[in-house]
Each structure stands twice: as structure tokens, then as C-alpha cells.
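# Geometric and topological summary
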Amino acid sequence: MPHFDLFFKTEALRQRLEPHLRLIPPLFEFTVRTGTPEVRYFDQNDPMWKGFPFPVPGGTVYVFDDGIPARALGGGMDMRASVRVLAGDSDEAAILRIWHEVLHAIGQPADDMTRRAAEWQTVSERILWGLWQSLARPVDVPFWHSRFYAWLTERAGAGAGGK
Ligand SMILES: [Zn+2]
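Residues numbered from 1 in each chain as written. Predicted model: local features only at pLDDT ≥ 70, side-chain atom pairs only at ≥ 80, totals over all residues. Heavy atoms only, no water.

A few words on unusual backbone geometry. One non-glycine residue with positive phi stands out, namely Met-79, at about 60°. If you trace the backbone, Met-79 turns up in the loop between β6 (74-77) and β7 (80-84). A positive phi is found at Ala-136, a non-glycine position, where the angle reads about 60°. Locating Ala-136 in the fold gives a position in the loop between α4 (123-134) and α5 (142-157). (Helix = DSSP H or I, 4+ residues; strand = E, 2+ residues; numbered from the N terminus.)

If you want it as C-alpha cells, here you go:
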């Protein structure tokens, strides 16, 4: 079971989001803290990552809400993840972003929802997915993300590609 120290930068962010962490399946174990872990920065000339803090210690997730120039909203790899919460984010969107990045952190292909649709969808989901697309509704929404992430998490728990 992957365990992470999960830092919320501020007490306000923690009080808002900690109660919703249970949306993330218990495969992920979190020790919740308030504050900022030791962080480093990626290439400061890259507009995607400019000013984006990323945890140094393994087994660490950092959730923050600073206004920084980076275009990225999150990053995750090698048992580390960093997630930015925007002013307009719903609690659900923020939690799904954390779930997405911790999946990356344990080596799961969290970006491959559409490409792997045939693998994770049930028959009824496949029908709904087809209908959804025929109506030109975007599939990058919590409804589909949460289903895909649940499948990835279960798969990680079964030992396929996770650790
Ligand atoms: Zn991603």
C-alpha cells in the first residue's frame, strides 16, 4: 500500500479538503499534515513549470493554492506529487486532481483514460461513453475521471504496474 505524507499548505486548505480525501480509495494511505515540505523547482525557463514546487522527500504529496506563473496544475512521479488548487475549483475537482497525481506517483498511466477506454469500461459505460461523444460532450469531467481512476487504483492494488 502506497503511503504518503500529504501536506496542505494552509490550515484553511486542509480543513476544506481533508474531509473529502475519503473519495480516494484506501489503497492510498495518507498522513495529513499542514505546511510545506522541502520542495524543488523544475526548469524555470519552461512556462509549464515556472514557479511550480515539487516535493524532495519520497512519499510526499504537496497541495497548495498559490498564484504562480506555471501552467501546470499538478505533477506526480516517483512517489512524489504536487497539486495546485485554483480559486474556482470545486472540492471534487481538487480531490480528483490529487487522486490523478498520486496515481502518477505510483507509476499508473493516469493520462490514458481515452486511449484505454476499452480496458476499463463496463458494457453500460461503453454505451454511455459513445452517446456522450455523439453529443460532443467533453469526457474530461469528474464523472468519467472518477471511474477511470477507480479502475487504475484497483489495478494498482492487484499489482499490475503499481508498487
Ligand atoms: Zn496526468
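What follows deals with the coordination of the zinc ion. Note on the zinc ion: its protein donors are His-100 (NE2), His-104 (NE2) and Asp-111 (OD). The metal-donor distances range over 2.0 to 2.1 Å. Along the chain, the residues donating to the zinc ion fall in the pattern H-x3-H-x6-D. Taken together, the positions of His-100 in helix α2 (residues 91-105) and Asp-111 in the loop between α2 and α3 (117-120) put the pair 11 residues apart, joining distant regions of the chain. Given a relative accessible area of 14%, His-100 falls into the buried group. (Donors = N, O, S within 2.8 Å, 3.2 Å for Na, K, Ca; no water. Buried < 20%, exposed > 50% of the residue type's maximum accessible area, 1.4 Å probe, protein only.)

Take the packing of α2 against α5 next. How two helices pack is summed up by the angle between their axes together with the distance between the axes. Direction vectors running N to C along α2 and α5 enclose 30°, while the axes themselves pass 11 Å from each other. It follows from the interaxial angle that α2 and α5 lie roughly parallel. Considering the relative orientation of α2 and α5, their crossing is left-handed. Here α2 contributes Glu-92, Leu-96, Trp-99, His-100 and Leu-103 to the contact with α5, which in turn contributes Pro-142, Ser-146, Tyr-149, Ala-150, Leu-152 and Thr-153. For the contact of α2 with α5, a count of residues per class yields seven nonpolar, three polar and one charged. (Axes fitted to C-alpha atoms, helices over the stretch in contact; angles between N-to-C directions. Parallel < 35°, antiparallel > 145°, perpendicular 65-115°, else oblique. Left-handed = near helix turned anticlockwise from the far one by under 90°. Contact = heavy atoms within 4.5 Å. Nonpolar A, V, L, I, M, F, W, Y, C, P; charged D, E, K, R; others polar.)

Ranked by internal contacts, the top residues of the largest apolar core, which has 36 residues, are Phe-8, Leu-17, Phe-28, Val-63, Ile-98, Trp-99 and Val-102. Listing elements by their share of this core, those giving two or more residues are β1 (3-8), α1 (11-17), β5 (60-64), β7, α2, α3, α4 and α5. Here the element with the most residues in this core is α2; it accounts for eight residues. Apart from the residues within four sequence positions on either side, Leu-17 is in contact with Phe-8, Val-63, Val-85, Asp-91, Ala-94 and Ile-95. By size, the runner-up hydrophobic cluster in this structure holds nine residues, among which are Phe-7, Phe-42, Ala-70 and Ala-72. (Core = buried A, V, L, I, M, F, W, Y, C linked by side-chain atoms within 4.5 Å.)

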